[in-house]
Number of protein chains: 2
Amino acid sequence: MDSLSNRQMQILQAIILNYLETAEPVGSRTISRRSPLGLSSATIRNEMADLEELGFIVQPHTSAGRIPSSKGYRLYVDSLLQSGRIPTEDETRVVSAMLRSKTRQLDALLREIGELLSVITRYPTVVTMPNMNRTKLKHLQLIPVDEHSAVLMIVTDGNVVRNHMISMDHALSQDEADMLSSVLNRNLQGLAMEEINLPVIQKLRRELGAEQQIVSSLLDAIQSTVEYANDTEMYTAGTTNILDFPEFSDVQSARAVMEVFHKKDEMLSTIRSTHPTHVAQNLRITIGKENELTAMQDCSVITTTYTVGGETRGTVSVIGPVRMDYGKVISTLGSMMTDLQRALTHDETQEERNQHEGREEKEGDG
Amino acid sequence: MDSLSNRQMQILQAIILNYLETAEPVGSRTISRRSPLGLSSATIRNEMADLEELGFIVQPHTSAGRIPSSKGYRLYVDSLLQSGRIPTEDETRVVSAMLRSKTRQLDALLREIGELLSVITRYPTVVTMPNMNRTKLKHLQLIPVDEHSAVLMIVTDGNVVRNHMISMDHALSQDEADMLSSVLNRNLQGLAMEEINLPVIQKLRRELGAEQQIVSSLLDAIQSTVEYANDTEMYTAGTTNILDFPEFSDVQSARAVMEVFHKKDEMLSTIRSTHPTHVAQNLRITIGKENELTAMQDCSVITTTYTVGGETRGTVSVIGPVRMDYGKVISTLGSMMTDLQRALTHDETQEERNQHEGREEKEGDG
DNA sequence: GTTAGCACTCAACCGTTGAGAGTGCTAACA
DNA sequence: TGTTAGCACTCTCAACGGTTGAGTGCTAAC
């Protein structure tokens with residue numbers, strides 16, 4: 001019952017493709033003329049009536065053509081993924097180059113990726129950093145800055161650097177700072193943020209006991225870093241692109257969408273959607289009404305994840321109108337993520353190799 | 001010729017106030033009824049004709065009321081500033097509290113200020129950090145992170161921290177890093193970014209000569225920090241607020257404006273406008289057509305500056321439709337900046353005092 | 001100098017109308 | 001039984017034209 005005949009499938013696809021182009025309801029005659037099926041408009045009409053009854057297309061009003069429903073898009077997207085005949089894009093060669101030349105700081109890299117992706121696809125993009133909770137601490141350092149302040153610097157996996165300014169009542173000498181730093185590193189290095197719990201803090205406090213004043217500020221700073229870890233970092237790019245599409249030509253909806261883009265929590269919940277969306281090939285696709293936020297129900301969200309340090313962590317998403325070019329976005333996103341992931345794991349394995357075997361590098365740089 | 005009669009002034013003001021409320025052209029009868037002048041609509045009409053000839057108001061079409069021109073707003077705003085009868089806002093007490101409790105890191109502080117300002121005024125805001133070029137270096141530190149990377153951390157006036165990841169071919173020991181750090185500090189501390197020129201770099205290179213490999217990466221990092229210094233940091237907040245106003249109810253103009261908000265260079269040039277705008281009480285106000293970018297010619301920009309370390313540096317701006325509530329924005333912005341400036345200079349003088357006289361503090365914290 | 005009155009203008013609104021696109025249904029055809 | 005041609009029907013949309021109402025400019029009287 002749920003499975004369509006081959007012909008219905010083709011008609012549905014034709015409707016979707018046409019609608020993706022024109023953003024106008026598509027009628028039976030159009031399909032009859034444009035598609036290679038060689039059927040009359042009347043036949044198409046009959047099939048369309050069936051497709052409508054099955055919920056794959058809808059009619060805005062009696063005498064209009066049909067437009068795909070979320071269910072229709074869903075079927076289309078799924079078959080797109082399954083058939084695997086998603087073209088590979090040329091533009092993404094740029095990415096490889098970029099990834100090679102860019103700093104190895106994850107945040108800068110991701111920002112750039114988002115930017116580029118929105119330029120290529122002409123859709124808004126959202127990128128999230130790995131959740132700090134599970135990110136391992138690589139290095140900590142306390143640096144005295146002036147008589148009343150020091151910086152607690154934390155470097156995590158992916159070479160992401162975080163700073164915390166600490167105010168103090170008395171000056172901290174370089175030696176003291178170094179001593180404290182080494183205690184911090186001894187106790188915390190290699191731990192994930194979420195592993196820094198009370199016992200760990202207690203142990204730290206015991207070891208640091210001597211330097212009372214600074215210690216409490218220091219522990220505060222660590223504490224607030226840990227708290228901050230829950231607060232995922234997020235970058236958006238090309239948000240105004242969404243205004244290009246006629247479905248957002250009235251200010252009300254435009255405003256609603258733009259607002260979501262700029263509100264971190266709403267955006268994150270959109271991206272992390274728990275709706276039973278399609279997941280395949282590391283792609284999560286949420287289409288139209290499948291979105292929880294009403295403001296986003298005219299949008300589709302395509303999300304991929306990348307991993308740093310072995311565990312699934314951050315996300316890269318493209319957001320467009322429901323009537324978006326799924327094929328292109330999926331392909332661009334796909335190859336871009338492959339590149340990104342390769343770069344990330346390459347770095348890691350190289351690092352690990354080096355850690356274990358010591359010296360041994362100098363690869364030709366192309 | 002250019003100076004208006006008292007009555008004309010009052011009429012102009014009445015027109016503007018009415019238009020600020022309604023966003024509709026205002027007719028002679030409205031003024032006649034609403035204003036305390038006690039004049040008939042006919043008289044108002046005559047005066048309006050004169051005001052129009054002088055360019056203070058315009059008529060969208062023959063049988064419509066009048067709306068203020070940029071020149072009209074200008075007169076209004078100037079007299080507003082001159083008369084000094086700008087009310088003080090209560091809401092800004094929050095700021096004082098915030099300023100007191102917040103970290104002393106300028107970037108976080110400013111971000112918060114922009115956010116708050118956009119919530120209070122319901123207009124978009126833009127905040128720029130002090131131009132790094134003239135910002136003095138307070139402290140530098142090189143921190144080895146792992147076998148192949150180190151971080152160059154730079155702290156400037158206002159406790160703004162910048163990091164640069166450095167890749168290296170061989171591991172850097174803590175001792176080496178400390179040695180290098182102290183050379184860097186000895187040579188660069190107290191200098192402004194723009195003062196780090198070739199001779200300084202040469203001198204550095206000479207002193208650091210021994211450690212060939214790392215030195216060149218290090219100098220690169222410093223170089224790129226200096227270059228980056230030209231690139232002013234900027235934060236926007238509440239950009240979607242602009243979509244609330246009917247003057248941006250068509251997507252075209254909405255998109256144009258939103259785009260400017262998100263393009264750093266365009267936004268900066270808007271804020272830094274060289275047009276002979278009114279400057280008084282540390283306020284620069286650019287009204288409508290006075291803006292260079294066509295996309296912004298339906299907007300007015302109110303900019304104030306704050307100083308860190310004695311020199312004029314960063315800006316805080318509120319952007320609204322030309323028909324914005326100048327009085328309220330000016331007052332809110334004014335008192336907020338007073339607070340901010342007080343907090344900033346307080347910190348500084350306190351720091352200086354401490355540097356000169358050594359210990360002497362312990363103020364009650366509220 | 002101010003006001004009342006009047007003719008005039010113009011955008012906005014509204015109901016009508018006709019064209020066009022598209023449908024569903026029926027009957028004929030292969 | 002599936003496909004097609006034909007036709008009546010529905011609905012949107014744009015254009016048209018008359019009406020309304022706000023507002024003006026001008027003139028004449030106060």
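Higher on the page you've got the structure.
Rules of the game
Residues numbered from 1 in each chain as written. Chains lettered and ligands numbered in written order. Predicted model: local features only at pLDDT ≥ 70, side-chain atom pairs only at ≥ 80, totals over all residues. Heavy atoms only, no water. Near = heavy atom within 4 Å. Polar contact = N/O pair within 3.5 Å; in protein donor to acceptor, adjacent residues only side chain to side chain. Helix = DSSP H or I, 4+ residues; strand = E, 2+ residues; numbered from the N terminus. Nonpolar A, V, L, I, M, F, W, Y, C, P; charged D, E, K, R; others polar. Buried < 20%, exposed > 50% of the residue type's maximum accessible area, 1.4 Å probe, protein only. Pairing = 2+ DSSP bridges. Contact = heavy atoms within 4.5 Å. Buried area = accessible area lost by both parts, 1.4 Å probe. Salt bridge = Lys/Arg side-chain N within 4 Å of Asp/Glu carboxyl O. Phe/Tyr/Trp six-rings, centres within 6.5 Å; stacked < 30°, edge-to-face > 60°. Lys NZ or Arg CZ within 6 Å of the ring centre and 35° of its normal.

1. Digging into the protein's contact with DNA strand D
Logical step 1: Taken together, the neighbourhood of DNA strand D is formed by 21 residues, with Arg7(A), Thr43(A), Thr62(A), Ser63(A) and Ser28(B) sitting nearest.
Logical step 2: Considering the 4 Å shell around the protein, atoms of DNA strand D inside it are sugar or phosphate in 75% of instances.
Logical step 3: One nitrogen or oxygen atom from the side chain of Thr62(A) is found 3.4 Å from a phosphate oxygen belonging to DNA strand D.
Logical step 4: Arg45(B) has a polar side-chain atom sitting 3.1 Å from a base nitrogen of DNA strand D.
Logical step 5: The set of elements that each furnish at least two residues to the surface near DNA strand D consists of α3 (41–54) of chain A together with α3 (41–53) of chain B.
Logical step 6: It is α3(A) that provides the largest number of residues to the surface near DNA strand D, a total of four residues.
Logical step 7: The residue makeup of the surface near DNA strand D, split by class, is four nonpolar, 13 polar and four charged.

2. Some thoughts on the pairing of strand β9 (residues 283–287) of chain A
Moving residue by residue along a regular strand, the side chains alternate between the two faces of the sheet.
Residue and element names in this part refer to chain A.
Logical step 1: By the criterion of burial, β9 is predominantly enclosed, with four of the five residues buried.
Logical step 2: The pairing of β9 with strand β10 (residues 299–308) spans five bridges and is antiparallel. What sits directly across from arginine 284, in β10, is threonine 303.

3. Quick notes on the interface of chain A and chain B
Logical step 1: Counting from both sides, the interface comprises 44 residues of chain A and, opposite them, 44 residues of chain B.
Logical step 2: Summing both partners gives a buried area of about 3,800 Å² for chain A against chain B, and 53% of it is carried by carbon and sulfur.
Logical step 3: When the buried area of chain A at its contact with chain B is split by residue, Met165(A), Val251(A) and Arg255(A) rank highest and sum to 16% of it.
Logical step 4: Across the pair Asp146(A) and Lys138(B) runs a salt bridge whose closest N-O atoms are separated by 3.0 Å.
Logical step 5: Counting residues per element, the ones that place at least two in the side of chain A that touches chain B are β4 (137–146), β5 (149–156), β6 (160–167), α7 (174–188), α10 (251–262) and α12 (326–357) of chain A.
Logical step 6: Of the residues forming the side of chain A that touches chain B, the biggest block, seven residues, is contributed by β4(A).
Logical step 7: Among the residues forming the side of chain A that touches chain B, the class breakdown is 13 nonpolar, 17 polar and 14 charged.

4. Digging into the packing of aromatic side chains
Residue and element names in this part refer to chain A.
Logical step 1: Applying the stated criterion across every chain yields a total of six aromatic pairs over all chains.
Logical step 2: Ring centres of tyrosine 73 and tyrosine 326 lie 5.8 Å apart, and the angle between their planes is 45°; on these two criteria the pair is classed as tilted. Residue tyrosine 73 is found in helix α4 (residues 70–83), and its partner tyrosine 326 is found in helix α12; the two are separated by 253 residues along the sequence.
Logical step 3: With a relative accessible area of 0%, tyrosine 326 lands in the buried category.
Logical step 4: Site record: aromatic cluster; members linked through ring pairs are Tyr73, Tyr76 and Tyr326.
Logical step 5: Against the face of phenylalanine 56 rests lysine 71, its NZ or CZ located 4.7 Å from the ring centre.

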